[in-house]
Amino acid sequence: MTLERYLKPSSNLTYIPLDLRFAPLSEAPSETPVERALVMVPETFVQSHLDPPGPQVPETFVQSHTDPSRPQSWIWSDGSNPSYTYWNTGEPNNGGGDYCVQLLKDSTYKWNDDYCTSPNPFICYKELPLILINQTKTWREALRYCRENHVDLVSVHTEEIQHWVETAVYYASTANVWMGLRHTCTLSFWFWVSGVSICYQNWAPGNGTAVEDCSGGERTGAVQSGSKKWVSLPENQRLNFICIIKEF
């Protein structure tokens, strides 16, 4: 049974069922921005992208490896230092030549150091064209921030973009996260600030489908960081928000 079968559609992880050795960046060919790196993230994040959780799959390489000039250090393949580790009991045991890391299928995907020449399946991280801004701003402030620093507040007009948003809100610090969704009380309809028509919808029960209460001003749309459903909120709430970083 492969990990690919268990990855949720909302995941931005791609399971590659090929047994390949780990190659450092100096040996690796250039890659497209879409699938740019081997990945390891906190175990809770990996589990959240599996459905059902806990499949029995082959060990899988992740991107940590030792710096040859500093044998006791571990770095990601992009050269950054890890801010989080999830070693299995007794690991890393620093056996001779154990300079790469794999996930262990029988230990809830905890880390094990291994030879970089050992063939294993691996997981690639898909770079998304949007970013979670972990600051709290009103809807208008969020819109201004995205347009001045990136492209725009995200418009979720397809199911695929919804899946991207579900991934982006994983590390949100607020219960709801602003999107580029706005309601006009004058004409009584919802619209995306990008101008794209609303065809795809993912409203939470009791939101977005009835007449809006405009007594407190215009309503704006956010995605719940828990359920990933959309909710209608007053624009003056201060939330995290999602910006588009490139056109798609």
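Bringing the state of the cysteines into the picture now. In this structure the tally under the stated criterion is three disulfides. Disulfide pairing is shown between Cys 100 and Cys 116; the S-S distance is 2.0 Å. Here the disulfide of Cys 100 and Cys 116 is right-handed, its torsion about the S-S bond being about 100°. Taken together, the residues Cys 100 in strand S5 (residues 100-103) and Cys 116 in the loop between strand S6 (111-114) and strand S7 (120-126) connect sequence positions 16 residues apart. Cys 116 sits in the buried class, given a relative accessible area of 18%. Taking only the cysteines that form disulfides and numbering them from first to last, the protein has the pattern 1-2, 3-6, 4-5.

With that out of the way, let us pick up the side chain of Gln 162. The topology assignment puts Gln 162 in helix H3 (residues 159-168). Ignoring sequence-local partners within four residues, the contact set of Gln 162 consists of Val 156, Tyr 200, Asn 202, Lys 228 and Trp 230.

This part covers the nonpolar core. Core analysis: the biggest nonpolar cluster contains 21 residues, and Leu 130, Val 154, Val 156, Val 165, Met 179, Trp 230 and Ile 242 have the highest contact counts within it. Those elements giving two or more residues to this core turn out to be strand S8 (130-137), H3, strand S10 (176-184), strand S11 (189-192) and strand S14 (239-244). In terms of residues, this core owes the most to one element, H3, which gives four residues. Apart from residues lying up to four places away in sequence, Val 154 is in contact with Leu 130, Ile 161, Val 165, Met 179, Gly 180, Trp 192, Ile 242 and Ile 244. Counting residues in each nonpolar core, the second largest holds 15 residues, with Cys 146, Ala 204, Ala 222 and Leu 239 among its members.

The two faces of S6 match: Trp 111 and Asp 113 on one face and Asn 112 and Asp 114 on the other face are all buried. Sheet topology places S5 next to S6; four bridges connect them, and they run antiparallel. Directly across from Leu 103, in S6, lies its bridge partner Trp 111.

Glu 91 connects to Pro 92 through a cis peptide bond whose omega is -5°. With respect to the secondary-structure elements, Pro 92 resides in the loop between strand S4 (70-75) and S5. Positive phi, close to 60°, is recorded for Ser 188, a residue that is not glycine. Tracing the backbone through its elements, the reader meets Ser 188 in the loop between S10 and S11. Positioned with a positive phi, Lys 228 is a non-glycine residue whose angle comes to about 70°. Its location among the elements puts Lys 228 in the loop between strand S12 (219-224) and strand S13 (230-234).

With respect to the helices and strands, His 150 occurs in the loop between helix H2 (139-149) and strand S9 (152-153). Between the C-alpha atoms of His 150 and Ile 244, which are 94 residues apart in sequence, the distance is 6.4 Å. Apart from residues no more than four positions distant in its own chain, His 150 is found in contact with Ile 131, Ile 133, Tyr 145, Cys 243, Ile 244 and Ile 245.

Here we come to the confidence of the model for the protein. Per-residue confidence for the protein gives a mean pLDDT of 76, with 69% of residues at or over 70. Low pLDDT, under 50, characterises residues 15-58; the stretch is placed with 120 contacts to residues that sit more than four places away or in other chains.

In an α-helix, one turn spans 3.6 residues; hence positions three or four apart end up facing the same way. Those residues of H2 that sit buried are Trp 139, Ala 142, Leu 143 and Cys 146. All buried residues of H2 fall inside an arc of 100° around its axis, so they share one side. Structurally, H2 contributes buried residues whose contacts are with S8, S9, S10, S12 and S14.

All right, on to the pattern of salt bridges then. Under the criterion given, the structure shown has five salt bridges. The closest approach of N and O atoms between Glu 235 and Arg 182, which form a salt bridge, is 2.7 Å. Linking Glu 235 in the loop between S13 and S14 with Arg 182 in strand S10, this pair joins segments that are 53 residues apart in sequence. Notably, a salt bridge pairs Glu 212 with Arg 219, separated by 3.7 Å at the nearest N-O pair. For the residue pair Glu 212 and Arg 219, the accessibility class agrees, reading buried in each case. Because the salt bridges share partners, they merge into one network encompassing Arg 140, Arg 182 and Glu 235.

A few words now on H3. In terms of burial, H3 is largely enclosed, as eight of its ten residues are buried. Looking at H3, one finds that the buried residues are Ile 161, Gln 162, His 163, Trp 164, Val 165, Glu 166, Thr 167 and Ala 168.

Conventions we followed
- Along every chain, residues carry numbers that run from 1 in the direction the sequence is written.
- Confidence filtering applies because this is a predicted model: local features only for residues at pLDDT of at least 70, side-chain atom pairs given and counted only at 80 or more, and all residues used for totals across whole chains, interfaces and linings.
- Side-chain numbers come from the whole structure's heavy atoms, not from hydrogens or water.
- Two cysteine sulfurs form what is called a disulfide whenever their separation falls within 2.5 Å.
- A helix here means a DSSP run of H or I that spans at least four residues, while a strand means a run of E at least two residues long, and both kinds are numbered starting from the N terminus.
- To sort residues, take the accessible area from a 1.4 Å probe on protein chains only and compare it with the maximum for the residue type: under 20% means buried, over 50% means exposed, and anything in between is partly exposed.
- By the convention used here, residues are in contact when the closest approach between their heavy atoms is within 4.5 Å.
- Take the buried Ala, Val, Leu, Ile, Met, Phe, Trp, Tyr and Cys residues and link them wherever side-chain atoms come within 4.5 Å; each set so joined is a nonpolar core.
- Any two strands between which DSSP finds at least two bridges are classified as paired.
- Confidence of the predictor at the level of single residues is captured by pLDDT, which takes values from 0 to 100.
- The arc under discussion is defined with respect to the helix axis, by the directions toward the C-beta atoms.
- For this analysis, a salt bridge means a side-chain nitrogen from Lys or Arg found within 4 Å of a carboxyl oxygen belonging to Asp or Glu.

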